[in-house]
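Per-entry structural report
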Amino acid sequence: MNFEDFIISPRSFKTESWQIGNEISKDIKEDGIVLLFVSDYRGAGGDAKVQDFTGVRKEFYKLSQLDFEIPVIDLGDLVSGKSVEDSHYILQEILSACHYKNAIPVIVGGSNDFAFSLFSALNFHQKNINYTQISNVISLKQGELINEQTFLSKILGSKNLSIKNYHHLGYQKHLNEADSVRLIKEVQFDIIRLAEMMNSTEKTEPFFRKADLVTVNCDAVESFNEPFSMNPQVNGLNKREICAYMKEIGLSDNLKSVGIFNYNIYSDNQLNHQLLAQMLWYLMEGINIQRSHPKEKHYEIFYVLIDDKQYAFKRDVFSNLWFFGDDESIDNCIPCSRKDFDEAKKGWLNPRLMKI
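Summarised in this report is the structure supplied together with it. Just so it is clear, the structure is predicted and the values come from calculations on it, not from any experiment. (Residues numbered from 1 in each chain as written. Predicted model: local features only at pLDDT ≥ 70, side-chain atom pairs only at ≥ 80, totals over all residues. Heavy atoms only, no water.)

**Details of the pairing of strand E2 (residues 33–38)**
Defined as follows: Three labels apply to residues, based on accessible area from a 1.4 Å probe with only protein chains included: buried if under 20% of the type maximum, exposed if over 50%, partly exposed otherwise in between. Working definition: helices are DSSP H or I runs of at least four residues, strands are E runs of at least two. Numbering for both runs from the N terminus. Only strands joined by at least two bridges in the DSSP assignment are considered to pair. A clockwise course of the path from the first strand over the helix to the second, judged with the strands pointing away from the viewer, identifies a crossover as right-handed.
Most of E2 is tucked away, with six of its six residues classed as buried. Every second residue of E2 is oriented toward a common face, with Ile33, Leu35 and Phe37 on one face and Val34, Leu36 and Val38 on the other, all of them buried. The pairing of E2 with strand E3 (residues 72–78) spans six bridges and is parallel. Each bridged residue has a counterpart across the sheet, and for Val34 the counterpart in E3 is Ile73. Of the crossover connections in this fold, the one passing from E2 over helix H1 (residues 54–61) to the parallel E3 is right-handed. Where E2 meets strand E4 (residues 104–109), six bridges bridge the pair, whose relative direction is parallel. Paired with Val34 across the bridge in E4 is Pro105.

So, in C-alpha cells, the structure goes:
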C-alpha cells in the first residue's frame, strides 16, 4: 500500500536548533516515535473532513528537544476513507508498518473507536495484550457497526483478539450505566474512578507499567475557556495531571502504541493547542527515559506476614518501582506501589494483588 495516497504531508515550520521541530522527520524510522493526526469523527456522530492541525504542530515543534535520542516522525494527516470501516482499515495498515520497524505509533485525533484499530493492528504482531484506557465513560454496547459506544465490547468480546489485562482509569460514576461498571468488575478487570487519579500518579502508575497499548479519551480531561474535547466536561483530570499521566504512559516497559482521541479539532484556542502539544512532549519524555534504563535489572525482595501467610514484594533498585510476587521472572509479578507494600505491613493486602 502506498501511504502517500492516504496521508497529507505536514507543513514545515522554522524552528530553533534546540527545539524538537528541528529534528522531526517525515519517514518511519526504526525504533522511532511516529505521529499521525486523524480527523475522522464519524464514530462519535461527527464528520470526516480533514482538519488543520497546524496550531497543535506549531506549539509542539517549538518545545525543547532536551537530550531526547529517539527519532520523532510526523507522518502528517490521515485522509479519511469513504466509510468508517475504510478509515479503520487504512489506519491499521499504517500502524502495522510502524510495528514492523519497532516504532511506536501515536495517533492524535479521531473518535475514541479508533482504539479498535490500534488494538487490532497490534494483535497481528503479538498476543496477550495489556490494554489501559483513560476515559470518563465505559460503554459496552453491542452492535454491528463500530463506533465509540461499541468498540470496547468488540475488543473484549472478540475471539480473534487476544487481551491479557484491561485497566479502565478515570471513569465518573454520574456519567455511566451501572450495568457497564458492574460487568467490568465481574470479569475482574481493573476500574479506577477519577477521584483516585487526582493529585498524584502513585496509585495508578502500576496500571501503565506493563501496558502494550494505552489510549486517552480527551473527554476525561476537564475543559477550560473553550472545550478541550468533543464532549467537554466540567470535571476531569486537570492540565498538570494529564501531562503527568502522559509521562507515566511513556515510561511503560512494553509500550507499543498510543492513541489520543476525541480532541476538539475545531478549537482555535491556543491554550488547547498548547495542552495537546505538551501532552505529546511528556509522552516522549517518558519514552526517552524508559529507553535509557539499564537492560539488566536488580531487585530487593521483602517478605510480609499476614495471617500466618507469607507474601513477597520486590523493589527495582534502579527505578524504585514495586512488584508483588515471588516468581523468579519479574514478568510474572504484579506491578504495585510502595503504598501497597506499606499497607501489607499493616496487615491489609490489596485484593487486586491476589489475582496472581
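**Regarding the sheet that holds strand E13 (residues 334–336)**
Heads up, the condition is: Between N-to-C directions, angles cover 0 to 180 degrees, with each direction set by a line fitted to C-alpha atoms, over the stretch in contact for helices. Residues count as neighbours in contact if any of their non-hydrogen atoms are within 4.5 Å of one another.
Strands sit in the order E10-E11-E12-E13 across an open sheet of four strands; the sheet is antiparallel. Sheet topology places strand E10 (299–306) and E13 at the edges, where each strand pairs with a single neighbour. Strand-to-strand twist of the sheet, defined as the mean angle between neighbouring strand axes without regard to direction, takes the value 35 degrees. Bridge count for strand E12 (residues 322–324) against E13 is three bridges, and the pairing is antiparallel. In the strand pairing of E13, Phe324 is matched with Ile334. Of the strands in this sheet, E10, strand E11 (309–316), E12 and E13 are in contact with helix H9 (residues 338–345), which crosses E10 at around 35 degrees.

**Concerning the packing of aromatic side chains**
Each aromatic ring pair is described using two quantities: the centre-to-centre distance and the angle formed by the ring planes. Definition in use: Any two rings among Phe, Tyr and Trp, with Trp reduced to its six-membered ring, count as a pair given centres within 6.5 Å; such a pair is stacked if its planes are under 30 degrees apart, edge-to-face if over 60, and tilted if neither. Whether a charge sits over a ring comes down to the Lys NZ or Arg CZ being within 6 Å of the ring centre and within 35 degrees of the ring normal.
By the definition in use, this model includes 17 aromatic pairs. With centroids separated by 5.9 Å and ring planes inclined at 85 degrees, the aromatic side chains of Tyr166 and Phe189 adopt a geometry described as edge-to-face. Placement of the pair is Tyr166 in strand E6 (residues 163–171) and Phe189 in the loop between helix H5 (178–186) and strand E7 (190–193), with a sequence separation of 23 residues. Residues Tyr166 and Phe189 agree in their burial class; the two are buried. Site record: aromatic cluster; members linked through ring pairs are Phe302, Tyr311, Phe313, Trp322, Phe324 and Phe341. The ring of Phe323 carries the charged tip of Arg209 above its face, separated from the ring centre by 4.7 Å. The ring of Phe224 has Lys239 sitting right over it, with the charged end atom 4.9 Å from the ring centre.

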